[in-house]
Amino acid sequence: MKTMQILLGTTALVWGLAGTAYAQTVANPTNPNAEPAQEVETIIVVGSQIRGASTTAALPVAVFTQEEITATGAVNGDDLLRTIPQMGDVLVSPANNAQTSNSARGDVNSINLRSLGVGNTLVLLNGRRIVQHPTSQGTSDTGTVPVLTYNSNAIPVSGLERLEVLLDGAAAIYGADAVAGVVNTVTQSNFDGLKIDAQYGAAEGTNLREFNLGIFAGKDFDRGNISLFVDYTDRTALRAEDQEFTKTDNLRSFFTDEPDFASSLTPDARNTRGAWANLAVVAGPGIIRRGTVALTTAAGAFSIRPTTIAGCSATLNAGICIGSGALTFNTAQRDLRFDTAPGTTITPETQRINTMLTGHFDLNENLTAFGELGFYQASTTRIQPPVINLNTLTIPSTNYWNPFGPTVFANGQVNPNRLSGLTNVPTTGLAVTLNQYRFVDAGYQTVNVDNYQARLLAGLKGVYRGFNWESAIVYSEAEAEDVSDAVNSTALQRQLALSTPDAYNPFNGGCLDQLSFGDCTPSSQAAIDAITFKLRRESRTTLSMADFKVSKGDLFSIWGGDVGIAFGLEVRAETQRDNRDANLDGSNPFVDSVTGATQLSNVIAVSQNPDTKGKRNVQAAYVEFAVPVVSQSMNIPLVRSIDLQIAGRAENYSDFGSVVKPKVAMAWDIVDSLRFRGSYSEGFRAPNLEQTNTKTYGRLATNNDFIRCEADLRARRITTFGACSRSIGYSLLLSGNPDLQPEESTNASFGLVFQPKFLPDWAGNFTFTVDKWRIEQERIVGLFGGSNGVVQDYLDRLGGRSNPLVTRAAPNADDIALFAGTGITPVGQIISVSDRFVNLLPQEVEGLDLGVRWRLKTKTAGTFRVSLNASNLTKFGREPGPAVDALFAARAAGTINAATPLPESSNLLGLNGRPEWRGSGSLTWSRGEFQIGVFTQYISAVDETGFVDTNGVPWEVDAQLTGNLYFQFEPKAKQGWASNTSFRAGVRNLTNEKPPLASSGYLGSLYRPYGRYLYFSTSKSF
């Protein structure tokens, strides 16, 4: 791959994924093998605002040119950013299988330098901020704390001039969010002519197909240029059935040869909510019997099951029966779990378009007007499993299919479905509570998401008395509309109340020949049509900004040379709005017609969520100095030169106050070929507008009810606490916090750049880099956590108290029986756990970046380019906080069981999405009409903490090494169809490596969910 040489003041070479920035002289005319540097306009690369200063020579910056971007085979921004070793796990991604409208779905992938988490990387477009994607999501990294991300897929890959990545904190230069670094995308401009690129690709052995079309047009005129690019993508869906590791939720067969994991049930992720329902008679007078056979428990619990499963009490119809008590979905009942994979998609069908119109016009020799108009739009279609029942809902006694219904309906018709010979059931029948269930007969959910992003910029720039100045106004907005199939609670209960065959029927079970899939006795189409509707979530963010920047590379001279300066002012206004469906935001609450209970959510399977909106205004000022402390002319031994970058920025926020952050960086050239560089900076991340403005909303949480586990252990129903299967779903009620403060951070790095200029010409040009870095963060926004709240309740109840944040139902007869003889006061089921966003304790991350680059140009053998780049994560610690520490102390003291799960998160290194090593390498050879390139990528093994063996040792998700290969041919014809045309054929993942096996099949935050990918592209210029 070819690396761009770009002037940064006294000219810095910025190389590779490891972030080399090093002074590079122009080519020596006496050396025919040297590849001459391009003559380019002096520009600013991310990391400094000073035009013509060498300060970024002290910073680890990576610049990727069009040629390098093309060589990766990337089709979208996510493909491209995943090739950078310093990029962490992609926590917001379709491949992570987000299945609720509370997730950021559609054509969205997050950006996450250093694995610090979504929101810690600032993304710029042509040097200025862009708007964030408007849909929030709680990630695996944050629990249910809503985060907002910049959308990597809004980066127009084929329309990029270059991609710049600053691998250092930059709050003093750019402000909020630049904790881990900055990604600056620079789009093509100054294009003169017409160029068309087309590419077609396919993932081998799957239905994934991808077509890309890029159109570039521009025109130079006497005093300016206008350029346009259009980047279009059409991609088919990747289906779950395409590959063995995604076609089923039950992956236990993949681990049969692993003795320590073969008995684990974790790889069987089939869901306990399927067509086989768990139900309970409402306010029953005790055990309902048919003759002497019990049909329910004392609390009225019963279930629907096939007659082939033990426990049948009464047959309903052919092969289907009632059983007393709830299904546990374990042991012999495990195959009644629902397999959510068949018929679904892993990644959605996608149509995407990126366009950018740029222009500039010289008003006079010292004043230029410039502007941008950008547009991104994407539409996706995804197929997800049928809707599940999470909310409490009562089936009226009048339901036509109710086995405990009235003897005679109100219209005088004899009830054909009431079981005969019932005791404790009045002639008017009994209502039934619908508990665990999935509306399989309603069909799979189709999720359509439309994402939109636009940007308008107008500005002036010029030179005044040697000062370069620039000012612009920017308006940017993003919108997303998520529309999915859903079930309306009010309509469902209305349909359940019918005394005709069109009543919805949850008593009919699933399929007898395939227990984990499908519903072979569906309700009528009229019933299904009556209960289903389109659920909508509309979100929107805006960014309005105006700035004024001034820079001068030679403000004045000191003993070491010219001192440069940049300063500027910026004002911006940010808004965010999340408009939930009226059936979720409390506008249309669900009122149970039988019990009178009210729920703000009128949607089955989706917790209540009020609309949220917020806005803030920000004023900022910054100053930056480039100070040459020592110059070469001073002839100081071992100090060829020393340059400093000193910067500071102050920002005032309308919602939480002011923040001031400094930065100092140094580049020390020891000798001509060796540079030492280092930096110290402070940064911050402002709490997003949803974290500060949201009202209380609900999310489904599921974990064991640990006080019941303790009861089971004491009653000897289980032999170990770890064998507990008292998993319960409840509402986690979360509240925003207007008093949140910004997350604070400090960054420190130091490194060496070695470029041996003493080597002979035939050896080529080498660059070696090594950088050690450290980031400390404080006051990270987080939650105590629902599971921790339940553990706290476990601890409190053993001490005769209770956790007031855990709300439970009154204990029923089954609960009293469960706790009998254990010495524990009976408790009811968990209804909800309350929590609030707070600033928590720090995390500390350290790592090492390594880079090697070699370039050789020969007269006869062609040009060779080699790069090897790696990032080693050496420390990743996050403290859980004092409240969790108290739970650890109780566990250590034996007050609660030693096997009680707690977030032992002090060391996250090498766990889940944080591999210790990531690396990439490339080799490119070109000669005349031909070019061949090889690209390889490595990700080291990680431990999957949610999947452990009998000794508590986590499963190791293997390392992966993949390789790409491409061949390019560019005929030298000057006329005819082949003129100005190039052809490229390539393959990503040449050896067809599947993603390393995990309990869920693969880790979507680290790996693409497919193997070999073949593509062919052609380009034509006119």
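What counts, and where the lines are drawn
Residues numbered from 1 in each chain as written. Predicted model: local features only at pLDDT ≥ 70, side-chain atom pairs only at ≥ 80, totals over all residues. Heavy atoms only, no water. Core = buried A, V, L, I, M, F, W, Y, C linked by side-chain atoms within 4.5 Å. Buried < 20%, exposed > 50% of the residue type's maximum accessible area, 1.4 Å probe, protein only. Contact = heavy atoms within 4.5 Å. Helix = DSSP H or I, 4+ residues; strand = E, 2+ residues; numbered from the N terminus. Polar contact = N/O pair within 3.5 Å; in protein donor to acceptor, adjacent residues only side chain to side chain. Pairing = 2+ DSSP bridges. Axes fitted to C-alpha atoms, helices over the stretch in contact; angles between N-to-C directions.

> Would you mind going over the nonpolar core with me for this structure?
What tends to happen in soluble globular proteins is that the nonpolar side chains get buried as a cluster. Core analysis: the largest hydrophobic core is formed by 54 residues, its most contacted members being Ile111, Leu163, Val165, Tyr174, Val182 and Val183. Excluding anything up to four places from it in sequence, leucine 163 contacts Ala62, Val63, Phe64, Ile69, Leu80, Leu81, Ile84, Val183, Asn184 and Thr185.

> Could you clarify how one ought to interpret helix α4 (residues 489–496) in this entry?
Spacing of three or four residues puts side chains on the same side of an α-helix, whose turn is 3.6 residues. By the criterion of burial, α4 is predominantly enclosed, with 6 of the 8 residues buried. Every buried residue belonging to α4 is among Ser489, Ala491, Leu492, Gln493, Gln495 and Leu496, and all of these are buried. Along its buried surface, α4 packs onto β25 (393–395), β30 (467–487), α5 (525–531) and β33 (590–591). If you check the start of α4, you find a side-chain oxygen 3.0 Å away from the backbone N of threonine 490, and it comes from asparagine 488.

> Explanation requested: the pairing of strand β18 (residues 301–306) in the structure shown.
When a strand is regular, its side chains alternate between the sheet's two faces. For β18, a buried count of 6 out of 6 residues is recorded, marking the element as mostly surrounded by other parts of the structure. Burial along β18 is two-sided: the face carrying Ala301, Ser303 and Arg305 and the face carrying Phe302, Ile304 and Pro306 are both buried. Alignment of strand β15 (residues 278–281) against β18, held across 3 bridges, turns out to be antiparallel. Its bridge partner lying in β18, asparagine 278 is registered against serine 303.

> Quick question: what am I supposed to make of the sheet that holds strand β6 (residues 128–129) here?
Strands in a sheet are paired, the pairing made by backbone hydrogen bonds, and the direction either parallel or antiparallel. If you walk across this open sheet you meet the 5 strands as β4-β9-β10-β5-β6, and the pairing is mixed. Unpaired on one side and paired on the other, β4 (61–65) and β6 mark the two borders of the sheet. Relative to strand β10 (residues 181–187), strand β9 (residues 160–166) runs antiparallel, the two being bridged by 6 bridges. Bridged to leucine 160 within β10 is threonine 187.

> It is not clear to me how the sheet that holds β15 should be interpreted in this structure. Could you clarify?
In space, the 6 strands of this open sheet follow the order β19-β20-β18-β15-β27-β25, with antiparallel pairing throughout. Of all strands in the sheet, those bounded by a partner on one side alone are β19 (312–317) and β25. Here the strands of the sheet are splayed against their neighbours by 35° on average, with no regard to which way each runs. In the sheet, β18 pairs with strand β20 (residues 320–324) via 5 bridges, with the strands oriented antiparallel. Its bridge partner being in β20, phenylalanine 302 is matched across the sheet by serine 324.

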